[in-house]
Amino acid sequence: MVSGLAIFLIIIALLVGIVIGYFGARYYMQRYIRENPPITEEMMRTMMMQMGQKPSERKLHQMMQTMRTQAKRAK
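Residues numbered from 1 in each chain as written. Predicted model: local features only at pLDDT ≥ 70, side-chain atom pairs only at ≥ 80, totals over all residues. Heavy atoms only, no water.

A.B. asks: Whenever I open this one, the overall build of the chain confuses me. Can you help?
C.D. replies: Each helix and strand counted, the chain has three helices and zero strands in total. Each helix and strand of the chain, ordered N terminal to C terminal, gives the series α-α-α. The C-alpha atoms of the chain give a radius of gyration of 23 Å, which is well past the 11 Å a tight globule of 75 residues would have. With the principal axes as the frame, the chain shows a C-alpha extent of 75 × 20 × 15 Å. A buried classification covers 8% of the 75 residues belonging to the chain. Looking at the chain, you have 11 positive and 4 negative side-chain charges, and the mean spots of the two groups are 9 Å apart. (Helix = DSSP H or I, 4+ residues; strand = E, 2+ residues; numbered from the N terminus. Rg over C-alpha atoms; globule rule 2.2 N^0.38 Å. Buried < 20%, exposed > 50% of the residue type's maximum accessible area, 1.4 Å probe, protein only. Lys, Arg positive; Asp, Glu negative; His and termini not counted. Charge placed at Lys NZ, Arg CZ, Asp CG, Glu CD.)

A.B. asks: I would appreciate a short explanation of the packing of aromatic side chains in the present structure.
C.D. replies: Within a pair of aromatic rings, the relevant descriptors are the distance that separates the centres and the angle that separates the planes. Under the counting rule described, the total for this entry stands at two aromatic pairs. Judged by centre distance (5.0 Å) and plane angle (80°), the ring pair of tyrosine 22 and phenylalanine 23 falls under edge-to-face. Their ring planes at 20° and their centres at 6.4 Å tell us that tyrosine 28 and tyrosine 32 sit as a pair that is stacked. Here tyrosine 32 and tyrosine 28 lie together in helix 1 (residues 2-35), a separation of four residues that amounts to about one turn. Under the relative-accessibility criterion, tyrosine 28 is labelled partly exposed at 44%. Take tyrosine 32: its relative accessible area is 41%, and that puts it in the partly exposed class. (Phe/Tyr/Trp six-rings, centres within 6.5 Å; stacked < 30°, edge-to-face > 60°.)

A.B. asks: Before we go on, may I ask you to explain the environment of isoleucine 39 in this structure?
C.D. replies: Residue position: isoleucine 39 is located in the loop between helix 1 and helix 2 (41-50). Residues isoleucine 39 and alanine 74, 35 residues apart in the sequence, show an inter-C-alpha distance of 16 Å. Once you skip the residues sitting within four places of it in the chain, isoleucine 39 turns out to touch Met44, Met64 and Met67. (Contact = heavy atoms within 4.5 Å.)

A.B. asks: Just to check I follow, could you spell out the packing of helix 2 against helix 3 (residues 57-74) for this structure?
C.D. replies: Working note: a packed helix pair is described by the angle between its axes plus the distance between those axes. Between helix 2 and helix 3, whose axes approach to 10 Å, the crossing angle comes to 120°. Here helix 2 and helix 3 pass one another in a crossing that is right-handed. Two secondary-structure elements touch here, helix 2 through Glu41, Met44, Arg45 and Met48 and helix 3 through Glu57, Lys59, Leu60, His61, Met63, Met64 and Met67. Of the residues in the contact of helix 2 with helix 3, the class split is six nonpolar, one polar and four charged. (Axes fitted to C-alpha atoms, helices over the stretch in contact; angles between N-to-C directions. Left-handed = near helix turned anticlockwise from the far one by under 90°. Nonpolar A, V, L, I, M, F, W, Y, C, P; charged D, E, K, R; others polar.)

In structure tokens, the structure reads:
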């Protein structure tokens, strides 16, 4: 009977650990991507130059701000 209880507690602890690990990793990745967006101003500048546009600093900042706003709204 004691070994059955031990096995039950081990299984419960494993399930709780999996759930906590999943939500912890999910929260960490969302925060990381929010703070470190995958597209930087340099990437944006390069893309605009490839499309034939001359990127001004004002336009770059405006586009990055728009992307941040949309990312906040999406969460």
